[in-house]
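Geometric and topological summary
Residues per chain are reported as follows:
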Amino acid sequence: MSDLDLVTLLDELEARLGGEGVEGEALAAWRARFDEALAGVDRGPEWSAIVARCHALAQRLNEEADRLSLERDRLRKELDLQADGARALKGYKPY
């Protein structure tokens, strides 16, 4: 594979990150294609720029994972509060 194939895959990931988000299955499929392309890449004169771009995308993925973890935690707290409210209403006996 050529460096261009790898760059095309990086473009695809950037487009996914710029959209609504990345589904886990889609990211896993992308990673399999990326690993395959990386194994056979030529490592031409633009290789250092490609590596830098890969590191930047990895950082963006980590930031997105952190953001999603915070959102998950917020939703869990909200659901716990709703469950607490439902239990409180169960015990409420109007006179």
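Predicted model only: the values in this text are computed from it and were never measured.

Structural notes on the pattern of salt bridges
Evaluation of the coordinates by the stated rule reveals nine salt bridges. The closest approach of N and O atoms between Arg16 and Glu12, which form a salt bridge, is 3.5 Å. With Arg16 and Glu12 both in helix α1 (residues 3-18), this residue pair falls four residues apart, about one helical turn. The partner of Arg67 in a salt bridge is Glu64, and the shortest N-O contact between them spans 2.7 Å. A residue pair is termed a helical-turn pair when its members lie 3 or 4 positions apart in one helix, as Arg67 and Glu64 do in helix α3 (residues 47-91) at three residues. Taking relative accessible area as the criterion, Arg67 reaches 44% and is therefore assigned partly exposed. Assessed through its relative accessible area of 24%, Glu64 is described here as partly exposed.

A word on the confidence of the model for the protein chain
Low-pLDDT stretches of the model should not have their predicted coordinates read in fine detail. Overall, the predicted model of the protein chain reaches an average pLDDT of 87, with 98% of residues at or above 70. By mean pLDDT, the top-scoring element of the protein chain is helix α2 (residues 24-39) (90), and the lowest-scoring one is α1 (88).

What to know about the nonpolar core
Nonpolar side chains in soluble globular proteins generally cluster together in the buried interior. One finds Leu6, Leu9, Leu10, Leu13, Leu17, Trp30, Phe34, Ala37, Val41, Trp47, Ile50 and Leu57 forming the largest nonpolar core, which totals 12 residues. Among the secondary structure elements, those contributing two or more residues to this core are α1, α2 and α3. When residues in this core are grouped by element, the largest group, five residues, is from α1. Those residues in contact with Leu13 that lie beyond four places of it in its chain are Leu27, Trp30, Leu57 and Leu61.

A word on the side chain of Arg53
By the secondary structure assignment, Arg53 is in helix α3. Within the structure, Arg53 has its side chain in polar contact with the side chain of Glu14 (distance 2.7 Å).

Quick notes on the environment of Pro45
Mapped onto the elements of the fold, Pro45 is located in the loop between α2 and α3. Residues Pro45 and Trp30, spaced 15 residues apart in sequence, show a C-alpha to C-alpha distance of 24 Å.

Concerning the packing of aromatic side chains
Scanning the model with the defined rule gives one aromatic pair in all. Ring geometry for Trp30 and Phe34: centres 5.0 Å apart, planes at 15 degrees, overall stacked. Of this pair, Trp30 and Phe34 both sit in helix α2, four residues apart, which is roughly one turn of the helix. Residue Trp30 shares its accessibility class with Phe34, and that shared class is buried.

The rules behind each value
- Residues numbered from 1 in each chain as written.
- Predicted model: local features only at pLDDT ≥ 70, side-chain atom pairs only at ≥ 80, totals over all residues.
- Heavy atoms only, no water.
- Salt bridge = Lys/Arg side-chain N within 4 Å of Asp/Glu carboxyl O.
- Helix = DSSP H or I, 4+ residues; strand = E, 2+ residues; numbered from the N terminus.
- Buried < 20%, exposed > 50% of the residue type's maximum accessible area, 1.4 Å probe, protein only.
- pLDDT = per-residue confidence, 0-100.
- Core = buried A, V, L, I, M, F, W, Y, C linked by side-chain atoms within 4.5 Å.
- Contact = heavy atoms within 4.5 Å.
- Polar contact = N/O pair within 3.5 Å; in protein donor to acceptor, adjacent residues only side chain to side chain.
- Phe/Tyr/Trp six-rings, centres within 6.5 Å; stacked < 30°, edge-to-face > 60°.

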